[in-house]
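Architecture and fold: a report
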Amino acid sequence: MPEPYRRDRDPGRDRSRERRSPGARPRAQGAGRGRPAGGPRPRPRRAGPSPKPGRAARIAVCLTSALVMLTSGVGWCAYHWLDRGVNTSSALDALRDDAPPGRDGAVNLLLIGLDSRKDMNGNDLPKEFVQDELHAGSSDIGGYNTNTLILMHIPAGGGKVTAFSIPRDDYVEIAGGRGEHKIKEAYGIAKAEAEEKLSARGVKGAELEHRGREAGREATLATVQHFLGVPIDHFAEVNLLGFYDIAKVVQPVPVCLKHPVRDRYSGADFPAGPQQLDARQALSFVRQRHGLAGGDLDRTHRQQAFLSSVTHKLQEQGVWSDLGKLQGLFDVIKKDVVIDNRWNILDFARQAPNLTGGNAEFHTLPIEGFATRKGEAVNLVDPAKVKSLVQAMTEPKTERKDTPAAGDAKPGEGKPDRSEPGDAKPGGSDPVSSDSFQGPPVKMGGVPCVD
């Protein structure tokens, strides 16, 4: 894994710790006396739980900063906690030259859910944990499929966040001239190709895993960017273990089901109505597809509902303004999540009130039907329609044009918006009909009831 990306530090911070060589022991008490006034003084060890003076000062600075900054998201201390140890990737660098033009400072963030039963170094997760807690079968199952792909569009200067879920079985052209496959397979295909070449050159172990995953990320990002026709500015990747760890920090997670469900494959066994789930149950909730009328498409709505419920709970509990609660989430992020190396977490965190305050909405991109390709069940898609939908939903209101936003709509698939350029529908609603998408939208900021 590349070294974590480090932003320039505050030039006014205490540099005494930087001058100490790695592994050096602190000086004995009394050593160094007679230094000029104002110079850095040694920090002797103290017995008992009392914090060191330097640490106490830093805590005071953190708490003071929090009073001012946490009202809009994560504060200065939270940012520096993340900046020390977060896993980063340079995969976006490979596709920036071919990226479609951006939209006046808006940000497109791709969330990648990796269906892998392995840790960051490619080691199998403990068998008992995978089977009993994750209820995910063997570590050999799932490979490196990206079973969750959600693009979040954050307008410049704030405003309504629009998210697009890409069904995992959409049959699309995979970047790099790899032909057509399910979009979820882009990661694993590219990873396997890269590892074959790297192994022939003697690369092995954790290094082989890290570089293989980078190739998988590059292929996934390039494939999604081409499929949707909009640039990807940032991304975050999390695997099954990371999802479980996040759920453990937040649990119990509030969810709501329209119907009772029982599925031996995912372990889902829930009554209808509102309920509270622990981490193990939450994973079953988002992984179930057997026994649902819409199969994988209904599972996509479960993922959306889970994200909405979690962000709603974070807002209700005041997590965004509680350094102690935030640190629990940050510990998970640093252990289980990979982000791009150009992402300023502090800037993004200031969008938290929009995400948790109900000013965000999920849409599931449409499919044209089902088919069998290369012996596998796939979703047939119309790439031109998908691009048109996404572009219409992400362009600034003043730029919206009188064009068929949903492409050549077919009977029953909704009609394109016919508003005049620059006009928004009453109440600021979407520029295209919600019928153009796969199922109803899911609004963030509450606990939506789903199948």
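Structure shown above.
Residues numbered from 1 in each chain as written. Predicted model: local features only at pLDDT ≥ 70, side-chain atom pairs only at ≥ 80, totals over all residues. Heavy atoms only, no water.

1. Some words on the sheet that holds strand β11 (residues 273–277)
Sheets are built from strands that pair by backbone hydrogen bonding, the pairs being arranged parallel or antiparallel. The criterion, for reference: Two strands qualify as a pair provided DSSP detects at least 2 bridges between them. Working definition: helices are DSSP H or I runs of at least four residues, strands are E runs of at least two. Numbering for both runs from the N terminus. Note on definitions: a residue-residue contact is assigned when non-hydrogen atoms from the two residues lie within 4.5 Å. What counts as an axis is a line fitted to C-alpha atoms, over the stretch in contact for a helix, and the angles between N-to-C directions run from 0 to 180 degrees.
Spatially, β11-β8-β17 is the arrangement adopted by the three strands of the open sheet, whose pairing is mixed. At either end of the open sheet lies a strand with only one pairing partner, and these are β11 and β17 (449–450). In the sheet, strand β8 (residues 253–257) pairs with β11 via five bridges, with the strands oriented antiparallel. Counterpart to Val 253 in the pairing with β11 is Leu 277. Helix-sheet contacts for helix α7 (residues 279–287) involve β8, β11 and β17, and the interaxial angle to β11 is about 130 degrees.

2. Quick look at the side chain of Asp 340
Going by this rule: Partly exposed residues are those whose accessible area sits between 20% and 50% of the maximum for their type, while under 20% is buried and over 50% is exposed, using a 1.4 Å probe and protein chains only. All tallies of charge rest on Lys and Arg as positive and Asp and Glu as negative; His and the ends of each chain are not included. Each salt bridge in this description consists of a side-chain nitrogen of Lys or Arg and a carboxyl oxygen of Asp or Glu lying within 4 Å of one another. Pairs of N or O atoms are called polar contacts if they sit within 3.5 Å, as long as, within protein, a hydrogen donor faces a hydrogen acceptor (for residues adjacent in sequence, only side-chain-to-side-chain pairs).
As for its placement among the helices and strands, Asp 340 is situated in strand β12 (residues 337–340). Of the side chains with opposite charge, Arg 96 comes closest to the buried, unpaired Asp 340, at an N-O distance of 4.5 Å. Within the local environment of Asp 340, its side chain forms a polar contact with the backbone nitrogen of Phe 235, the two atoms lying 3.0 Å apart. A polar contact of 3.1 Å, which involves the side chain of Asp 340, links it to the backbone nitrogen of Arg 342. Other than its neighbours up to four places away in sequence, Asp 340 contacts Ser 89, Leu 92, Asp 233, His 234 and Phe 235.

3. Observations regarding helix α4 (residues 186–200)
To be explicit about the condition: Any helix carries an expected span of 1.5 Å times its number of residues minus one. In this description, the arc belongs to the directions extending from the helix axis to the C-beta atoms.
Look at α4: 22 Å from first C-alpha to last across 15 residues, which is about the 21 Å you get at 1.5 Å a residue. Listed as buried for α4 are Ala 186, Tyr 187, Ala 190, Lys 191, Ala 194, Glu 195 and Leu 198. The buried side chains of α4 occupy one side of the element, clustering within an arc of 140 degrees when seen end-on. Opposite the buried face of α4, at more than 90 degrees from it, the exposed residues are Glu 196 and Ala 200.

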